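For reference, the chains in residue letters:
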Amino acid sequence: KKPLACSLHEIAKIIGEEKAEKELLGVLESFLKDPVKSYCNKTHFLDDEIKYGAIQNLALFLKVFKLEKRENMIDIFLELQDLVIVSLLTIKERSKEGRIRELIARQIDKLTMIFTQETTFRYIAPISFKLCNDPVACVREEAARKIHALLKALYNSNEVIHRESVIENIKGFSQSNRFTNRQA
């Protein structure tokens, strides 16, 4: 499973959009939803590695599809948002989830380039700002480095409120009482 999860984007490029949608989209979703076993079970770490591999090149995988198909794949982002929230709530138990959140943060810029401004604002921006508040420093730093891409993607938006909302969130970090937020 792990080699397949890590190379799903390359397979999608080779087989093309139509076959990738038919054959690989369900595989990606199953990798993201792979139930995490208990710590007593050795497969727990393998499950993390499968999710890690699937998320690692998510933007490249989604890039294979036309814009309207990508827009219909929003449920993947809802899964990612749930993954970010759940892993933040259980951070003391699951320290490896920080790696997965860092992978998501690394792709913020790529994700903003392959989606519409509306999708970027509604789905990618909330995930990005959650990652900027992450308890793991490398995740916060990576997300903060990519926020410029979010602002750039929304800069020419017809919806001025999108751009202003992102700017207000950025200002909020600079005025935070917490050092870790000001640092981001």
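Up top you'll find the structure we're talking about.
The following refers to the structure shown.

Each value, and the rule that gives it
Residue indices follow the written sequence of each chain, beginning from 1 at its first position. The model is predicted, so local features are restricted to residues of pLDDT at least 70 and side-chain atom pairs to those at 80 or more, both for listing and for counting; the totals for chains, interfaces and linings are taken over all residues. Neither water nor hydrogens contribute to the side-chain values; these are computed over all heavy atoms in the structure. Elements are defined by DSSP. Helices are runs of H or I of four residues or more, strands are runs of E of two residues or more, and each kind is numbered from the N terminus. Only protein chains enter the accessibility calculation, which uses a 1.4 Å probe; a residue is then buried when its area is under 20% of its type maximum, exposed when over 50%, and partly exposed in between. Helices are assigned an expected span. That span is 1.5 Å times one less than the residue count. Note on bend: at a given residue it equals the angle between the axes fitted to the 7 residues ending there and to the 7 starting there. Note on contacts: a residue pair is in contact if any heavy atoms of the two residues lie within 4.5 Å. Just to be clear on terms, a salt bridge is a Lys or Arg side-chain nitrogen sitting within 4 Å of an Asp or Glu carboxyl oxygen. Think of a nonpolar core as a cluster: buried Ala, Val, Leu, Ile, Met, Phe, Trp, Tyr and Cys residues, connected wherever their side-chain atoms sit within 4.5 Å.

1. What about the overall build of the protein chain?
Line of reasoning, step 1. Across its full length, the protein chain carries 11 helices and zero strands.
Line of reasoning, step 2. In the protein chain, the succession of helices and strands from N to C terminus is α-α-α-α-α-α-α-α-α-α-α.
Line of reasoning, step 3. Residue burial in the protein chain is summarised as follows: out of 184 residues, 45% are buried.

2. Some thoughts on helix H9 (residues 137-155)
Line of reasoning, step 1. Spanning 19 residues, H9 covers 28 Å between terminal C-alpha atoms, matching the ideal 27 Å at 1.5 Å per step.
Line of reasoning, step 2. The sharpest bend along H9 measures roughly 30 degrees and falls at Lys 146.
Line of reasoning, step 3. Within the span of H9, buried status applies to Val 139, Arg 140, Glu 142, Ala 143, Lys 146, Ile 147, Ala 149, Leu 150, Ala 153 and Leu 154.

3. Re the environment of Gln 56
Line of reasoning, step 1. Following the sequence through the fold, Gln 56 ends up in helix H2 (residues 43-56).
Line of reasoning, step 2. The partly exposed category is assigned to Gln 56, whose relative accessible area is 31%.
Line of reasoning, step 3. Along the primary structure Gln 56 and Arg 99 are separated by 43 residues, whereas in three dimensions their C-alpha atoms are 9.9 Å apart.
Line of reasoning, step 4. With sequence-adjacent residues up to four places away left out, Gln 56 is seen in contact with Cys 6, Leu 103 and Gln 107.

4. Description of the pattern of salt bridges
Line of reasoning, step 1. Summed over all chains, the structure comprises 11 salt bridges.
Line of reasoning, step 2. With its nearest N and O atoms 3.2 Å apart, the salt bridge here joins Arg 106 to Glu 102. With Arg 106 and Glu 102 both in helix H6 (residues 97-106) and four residues apart, the pair spans about one turn of that helix.
Line of reasoning, step 3. According to the relative accessible area criterion, Arg 106 is partly exposed, its value standing at 37%.
Line of reasoning, step 4. Its relative accessible area of 16% is what places Glu 102 among the buried residues.
Line of reasoning, step 5. A salt bridge links Lys 146 to Glu 142, with the nearest nitrogen and oxygen atoms 4.0 Å apart. Residue Lys 146 and its partner Glu 142 are located together in helix H9, separated by four residues, close to a single helical turn.

5. A word on the nonpolar core
Line of reasoning, step 1. Within the largest apolar cluster, 46 residues are counted, with the highest numbers of intra-cluster contacts made by Leu 28, Phe 61, Leu 62, Ile 76, Phe 77, Leu 111 and Leu 150.
Line of reasoning, step 2. Ranked by residues supplied to this core, first place goes to helix H1 (residues 2-33) with nine residues.

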